[in-house]
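Residue-level structure breakdown
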Amino acid sequence: MLVRRCPWRSIQLHQLWCPRQIHTREAIHDKRWPGWQVIIGIEVHAQIKSRRKLFSESSTSRPGEIPNTTVSTFDSAFPGTLPTLNPKCVELAVRTALALNSKVHHQSAFDRKHYFYSDLPAGYQITQRYSPLASGGYLKLSKGDVSVGIQQIQLEQDTAKSTFDGLRRTSLIDLNRAGSGLMEIVSEPHMRSPEEAADYVRTLQAVLRCVGSSDGNMEQGSFRCDVNVSINKHGQPHGTRCEIKNLNSVKFMTVAITSEVFRHIELLESGCSVPQDTRGFDENKAETLKLRSKADSPDYRYMPDPNIPPLLLSEEYIETIRKTMPDLPDTTRVRLRNLGLSERDTDVLMAVDSGHEVGFDGELGKGAVTYFDSLAQQRDPRVVVNWMTHELIGQLTARKETFSDNPVSVEQLGELIDLVQDGKITGTSGKSLLKHIIANRSSSAPSVLARELSLEAISEDDNASTRAWCAEAIGALPEEAEAVRQGNPRVLNKLVGKVMQLSRGRADAQNARVVLEDVLRR
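Residues numbered from 1 in each chain as written. Predicted model: local features only at pLDDT ≥ 70, side-chain atom pairs only at ≥ 80, totals over all residues. Heavy atoms only, no water.

Digging into the pattern of salt bridges
To keep things clear, this is the line we draw: Counted as salt bridges are all cases of a side-chain nitrogen of Lys or Arg within 4 Å of a carboxyl oxygen of Asp or Glu. Three exposure classes are used, based on accessible area relative to the maximum for each residue type with a 1.4 Å probe and protein chains only: buried under 20%, partly exposed in between, and exposed over 50%. The way it works is that DSSP assigns letters per residue, a run of H or I at least four long becomes a helix, a run of E at least two long becomes a strand, and they are numbered from the N terminus.
Per the counting criterion, the structure on display carries 28 salt bridges. Between Asp 30 and Arg 32 there is a salt bridge, with the nearest N and O atoms lying 2.7 Å from each other. By relative accessible area, Arg 32 is classed as partly exposed at 33%. Between Arg 379 and Asp 418 there is a salt bridge, and its shortest N-O distance comes to 3.0 Å. In this pair, Arg 379 sits in the loop between α8 (368-375) and α9 (381-398) while Asp 418 sits in helix α10 (residues 410-421), placing the two residues 39 residues apart along the sequence. Take Asp 418: its relative accessible area is 30%, and that puts it in the partly exposed class. Shared partners join several salt bridges into a network, and the residues in it are Glu 260, Arg 263, Asp 277, Arg 279 and Lys 290.

Thoughts on helix α11 (residues 427-440)
Stated formally: A helix is expected to reach a length of 1.5 Å times the quantity of its residues less one. By the convention used here, residues are in contact when the closest approach between their heavy atoms is within 4.5 Å.
The end-to-end C-alpha distance of α11 is 20 Å, a good match for the 20 Å that 14 residues give at a rise of 1.5 Å each. Taken residue by residue, α11 has Ser 429, Gly 430, Leu 433, Leu 434, Ile 437 and Ile 438 as its buried positions. In this structure, the buried side of α11 is in contact with α9, α10 and α12 (446-452). Taken from the residues just after α11, Arg 441 is the one with a positive phi, measuring 50°.

Points about the packing of aromatic side chains
Where we set the bar: The rule is short: rings of Phe, Tyr and Trp, with Trp giving its six-membered ring, pair when the centres are within 6.5 Å, and they are stacked under 30 degrees, edge-to-face over 60, tilted in between. Look at NZ for Lys and CZ for Arg. If either is within 6 Å of the ring centre and within 35 degrees of the ring normal, a charge sits over the ring.
Going through the model one piece at a time under the given rule, you end up with eight aromatic pairs. Between Phe 55 and Phe 74 the ring centres are 6.5 Å apart and the planes differ by 65°, which places this aromatic pair in the edge-to-face class. One end of the pair, Phe 55, is in the loop between β1 (36-47) and α2 (87-99); the other, Phe 74, is in the loop between β1 and α2, with 19 residues separating them in the sequence. For Phe 55, a relative accessible area of 3% gives the class buried. Residue Phe 74 is classed as buried on the basis of its relative accessible area of 14%. Aromatic side chains Tyr 130 and Tyr 302 sit 5.2 Å apart centroid to centroid with 85° between the ring planes, which places their arrangement in the edge-to-face category. Highlighted residues: Tyr 130 in the loop between β5 (124-127) and β6 (134-135) and Tyr 302 in the loop between β15 (287-293) and β16 (303-304), separated in sequence by 172 residues. Taken as a pair, Tyr 130 and Tyr 302 share a single burial class, namely buried. Pairwise contacts between aromatic rings join Tyr 115, Tyr 130, Tyr 300 and Tyr 302 into one cluster. When the ring centre of Tyr 130 is taken as origin, the NZ or CZ atom of Arg 129, which lies over that ring, is 5.2 Å away.

As structure tokens, this is what we get:
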């Protein structure tokens, strides 16, 4: 008989009987609820960006796929099927743990969490409640000197997706999502306002995208938050917490927390106690609603999974992942600022990069920062970021396209910037050329396109062409020309703009100004 040593029971008793350390912070006085302190902890369920599910060979489903098409016999809980752990999910979870300064355990184990619901085919979920992959750590928020502690990070299966059909009054089950790999990232109750909770979620999303472990897409359901909220008077013990389930946007999360705080205050000030509930959020009414009484751990009848041996990770394995980790957002921000970029330009690049496509199985997407790094080699970083943020991203936004739709290669934009800097085309022509490349998805070199489109700059020695355009501009705008003659130099800008329009951006604006002043003085 094979006996597997399992630490589950001893760990469970340890958690039940050892008092947890209470986190203390200076009292925060909020005008919205004077005299009350808000305590917030968040459980994030982030879908791991792997091609395969956690314990089967089925492909991870994508949005828009036909229901019940990416399902194996194990995902649908056929008797006799056995799990096979996906090592890529483990690797990406370890990346996440290292990014969050957590301690990765050399040994962890899988448990069965039993509950009966239509979106859980087996009647239990495989998770790591009592022997998680990693524990401890922290995440520093982007605003203020606040760090939120991480309690633990565990691997677990996702459930199927249930959709209620109001016309037929029945629930439809889609098993495509069943068995997909999840990381449950449990924070300590260190947040003290809805705004800090929002900052935590956004910062965590950026970290997960940066290391390539999850795309963090709340709208598509690959990043879901369960928020625990309690309140107490300043200096008194923490109150009863209530959990708000499955919040799928940062905006709704802040509204739900605010609504729940006011509900607790109303109950306590009326002399009632706060029952420990699991609650949902009604987006239309902007208030929480009771789903069920809060289930404690004994209700789930946890037990070690007999089909999965302990997960053993060597120190060499962990160090190999640590050495290949990409730069985290804070490190990237400091590096960009050291290159001379302004805080605004850095924020724009980081904001664009936060939405870049995350590849499967740890393949890092080519986001805006990577694009900038390649483009800024041998070039002035401030000139490069100006072309990226104002021109490239600006034109993509005007076309309602994202940076992932960008058709301009690093080589093309780099050559275009060089042409402008060398005076071979004007800045105006450069903008027109960039617009042409984006609109036509052209792969031609900018120098070739500049010749074909007659966008090459007129040299300062070619005054004949510039004078002809200036004379035509004066003829087209006689009132403005007369105003300049009468001593109003500000109107000259309009004439210069007309010259640039007539020359299709080929004329040098400064040279055109000099020629116009010379012509108008005569």
